[in-house]
Amino acid sequence: MRGVVSAGMAAAIEQLGLRDAFDEVHGASAGAFNAAFLLAGQAAYLTTLYQYGFGDPRFVSFVRALRGGPAFDMDHVINRVWTRERPLRFDAVLSCGIDLHCTATDADRAAIVDLTGLRDPEEIRCALRASARLPWLAGGPVNFRGMRLFDATLAEAIPVHVACSGGVTDVLVLLTRPEGLAHAGLSPVIARLTDRYLRAVNPALVELRLTRSPRYDALTAKLAAQACDPECAPSVCVIRPGAGSLMVSQLESRVSSLRTAGSHGMRSAWMALAGEDPELIGTLRAYPRGAVAPAGAGAGGEGATADAGQGGATADAGQGATARAGQVNSRRDSLRAAP
């Protein structure tokens, strides 16, 4: 899950105390997860959960896929891990005063849609599931608000067009690929299987899949040019991993790779926002099970975008049984930036 990179960036925003500078936060696919946890004050917490959720064999199973189930069980992560085992503070997302926007692909119109105005925890869960529902690999489309929805990156990996449609003044974009690294498409086998699945749903979705890489590369080049233009309106700032950063795939689930990629994302954002290269240190923290995880602990898809200034801005992208509130998990390593 390449989104761990922008999760680390969101954790830097959180630790630097900059979250409340944004009016809106937009996320596509894994970026929607990062956006929700940032608004909950749990961005750093999520960065460790990539290892304990997406690194969990209950999440990824190609044997399950051969038996007709999803290779990636996002419902397990959202409905169980983030609701019962390592809970997202849905109440904090709803009360923070910053608008959450999750984008997704409308399967029937083959177009991007903005899922916002989320009113309760179940609507947030539905929006997160829809934004990251990889066609075929993660199951069928998510039904929400009368639409059939797939992963946002099929239509638009970086939700800047949705974010900029509301008259924003400043846009911070979190990207997960270093500069100059082109978008890599699916492997030939996965591409053929995905196209066969999409063709049965709506043939227009196949064209979106086929043009996804060139559209992504064109958009990142445009964003880079806008970030260098002081006259650009809205003002655009782009944060991306530095050269030599670990590049993880969209389907990465190895714990060591997710941990390293998250730390690289946090370091990149800290350097961009604070102007210094921090020392990242591992600390032990206890997190309550089934209760509120402390904000600011730990470190930090694509596609989470955060809005700054008036009108908002855009940003890019567990194990164990449930216990009573107040009972704590075993100790866990977290990353913090030490200036």
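Per chain, residues are indexed from 1 in the order of the written sequence. Where totals are concerned, whole chains, interfaces and linings use all residues; where local detail is concerned, this predicted model gives features only for residues with pLDDT of at least 70, and gives and counts side-chain atom pairs only at 80 or more. With hydrogens and water stripped out, all remaining heavy atoms of the structure feed into the side-chain values.

(A) A look at the overall build of the protein chain. Think of it this way: any DSSP run of H or I at least four residues long counts as a helix, any run of E at least two long counts as a strand, and we number them from the N terminus. Of the regular secondary structure elements, the protein chain holds twelve helices and eleven strands. Only the protein chains shown count as covering a residue, and every accessible area follows the Shrake-Rupley method with a 1.4 Å probe. Accessible surface for the protein chain amounts to roughly 13,400 Å². Of this, 53% is attributable to carbon and sulfur atoms.

(B) How the structure looks around the nonpolar core. If you look at the biggest cluster of nonpolar residues, it comprises 68 residues, and the most contacted ones within it are Phe-33, Trp-82, Leu-115 and Leu-128. At eight residues, helix H2 (residues 30–39) tops the list of elements feeding residues into this core. Two residues form a contact once any of their heavy atoms are found within 4.5 Å. Residues within four places of Leu-115 in sequence aside, it is in contact with Leu-100, His-101, Cys-102, Ala-104, Ala-127, Ala-130, Phe-144, Arg-145, Met-147 and Leu-149. Take the buried Ala, Val, Leu, Ile, Met, Phe, Trp, Tyr and Cys residues and link them wherever side-chain atoms come within 4.5 Å; each set so joined is a nonpolar core. Categorising residues by exposure relies on relative accessible area from a 1.4 Å probe, with only protein chains included: less than 20% of the type maximum marks a residue as buried, more than 50% marks it as exposed, and the intermediate range marks it as partly exposed.

(C) Fine view of the packing of aromatic side chains. Only Phe, Tyr and Trp rings are paired, with Trp represented by its six-membered ring, and only when their centres lie within 6.5 Å; those with planes under 30 degrees apart are stacked, over 60 edge-to-face, the remainder tilted. Applying the stated criterion across every chain yields a total of three aromatic pairs. Where Phe-33 meets Trp-82, the ring centres are 4.9 Å apart and the plane angle is 80 degrees; that geometry is what we call edge-to-face. In this pair, Phe-33 is assigned in helix H2 and Trp-82 in helix H5 (residues 74–85), connecting sequence segments 49 residues apart. Residue class for Phe-33 comes out buried when judged on its relative accessible area of 0%. Classification of Trp-82 as buried rests on a relative accessible area of 1%. When the ring of Phe-150 is compared with that of Tyr-197, the centres are 6.1 Å apart and the planes differ by 70 degrees; the resulting orientation is edge-to-face. Of this pair, Phe-150 sits in strand S5 (residues 147–150) while Tyr-197 is found in helix H9 (residues 188–201), placing the two residues 47 residues apart along the sequence. Classification of Phe-150 as buried rests on a relative accessible area of 0%. By way of ring pairs, the aromatic residues Phe-33, Phe-37 and Trp-82 are connected into one cluster. Only Lys NZ and Arg CZ are tested; either one counts as a charge over a ring when it is within 6 Å of the ring centre and within 35 degrees of the ring normal. Cation over ring: Arg-125 sits above Phe-90, and NZ or CZ is 5.0 Å from the ring centre. The cationic tip of Arg-177 hangs over the ring face of Tyr-216; the distance from NZ or CZ to the ring centre is 4.8 Å.

(D) Broad picture of the pairing of strand S6 (residues 170–174). Where burial is concerned, most of S6 is hidden: four out of the five residues are buried. Should DSSP find at least two bridges between two strands, the strands are regarded as paired. With five bridges joining them, S6 and strand S7 (residues 235–239) adopt parallel strand pairing. If you follow Val-171 over to S7, its bridge partner there is Val-236.

(E) Inspection of helix H12 (residues 255–274) at higher detail. Expected helix span is computed as 1.5 Å times (number of residues minus one). Given a rise of 1.5 Å per residue, 20 residues ought to cover 28 Å, and the 28 Å separating the end C-alpha atoms of H12 matches this to within 8%. Taken residue by residue, H12 has Ser-257, Leu-258, Ala-261, Gly-262, Ser-263, Gly-265, Met-266, Ser-268, Ala-269 and Trp-270 as its buried positions. Looking one or two residues beyond H12, the residue adopting positive phi is Gly-275, at roughly 75 degrees.

(F) Just unusual backbone geometry, in detail. Cis peptide bonds are those with omega within 30 degrees of zero, and the linkage from Ala-233 to Pro-234 qualifies with 0 degrees. If you check the backbone angles, Ser-29 has positive phi at about 60 degrees while not being a glycine. Residue position: Ser-29 is located in the loop between strand S1 (22–28) and H2. The class of Ser-29 is buried, set by a relative accessible area of 8%. Phi is positive for Ala-110, close to 50 degrees, though the residue is something other than glycine. You can see Ala-110 is positioned in the loop between strand S2 (99–106) and strand S3 (111–115).

(G) Quick peek at the pairing of S1. Among the seven residues in S1, six count as buried, and that is most of the element. Across five bridges, S1 lies against S2 in parallel orientation. Of the residues in S2, the one forming a bridge with Gly-27 is Cys-102.

(H) Main features of the environment of Leu-49. Within the secondary structure layout, Leu-49 lies in helix H3 (residues 43–54). Each C-alpha atom of the pair Leu-49 and Trp-82 lies 9.0 Å from the other, and the pair is 33 residues apart in sequence.

(I) A look at the packing of H5 against helix H7 (residues 121–131). With their axes 9 Å apart at the nearest point, H5 and H7 run at an angle of 145 degrees to one another. Along this stretch, H5 crosses H7, giving a crossing that reads as right-handed. Facing H5, whose interface residues are Asp-75, Ile-78, Asn-79 and Thr-83, H7 presents Arg-125, Leu-128 and Arg-129. Every angle, taken between N-to-C directions, lies between 0 and 180 degrees, and every axis is a line fitted to C-alpha atoms, over only the stretch in contact when it is a helix. Left-handed describes a crossing whose near helix is turned anticlockwise from the far helix by less than a right angle; the clockwise case is right-handed.

(J) Region of the structure containing the side chain of Gln-42. Tracing the backbone shows Gln-42 in the loop between H2 and H3. Any pair of N or O atoms that falls within 3.5 Å is considered a polar contact. Within protein, one atom must be able to donate a hydrogen and the other to accept it, and sequence-neighbouring residues count only if both atoms are side-chain atoms. Of note is the side chain of Gln-42, whose polar atom sits 3.2 Å from the backbone oxygen of Pro-87.

(K) Layout of the side chain of Thr-105. With respect to the secondary-structure elements, Thr-105 resides in strand S2. Of note is the side chain of Thr-105, whose polar atom sits 2.8 Å from the backbone oxygen of Asp-151. Among the polar contacts listed, one links the side chain of Thr-105 to the backbone nitrogen of Ala-155, at a separation of 3.2 Å. In contact with Thr-105, not counting residues within four places along its chain, are Ala-111, Arg-148, Leu-149, Phe-150, Asp-151, Ala-152, Leu-154, Ala-155, Leu-205 and Leu-208.

(L) Representation of H5 in the model. In this model, H5 (twelve residues) spans only 15 Å end to end at C-alpha, well below the 16 Å of a helix rising 1.5 Å per residue. Among the residues making up H5, those that are buried are Met-74, His-76, Val-77, Ile-78, Val-81, Trp-82 and Glu-85.

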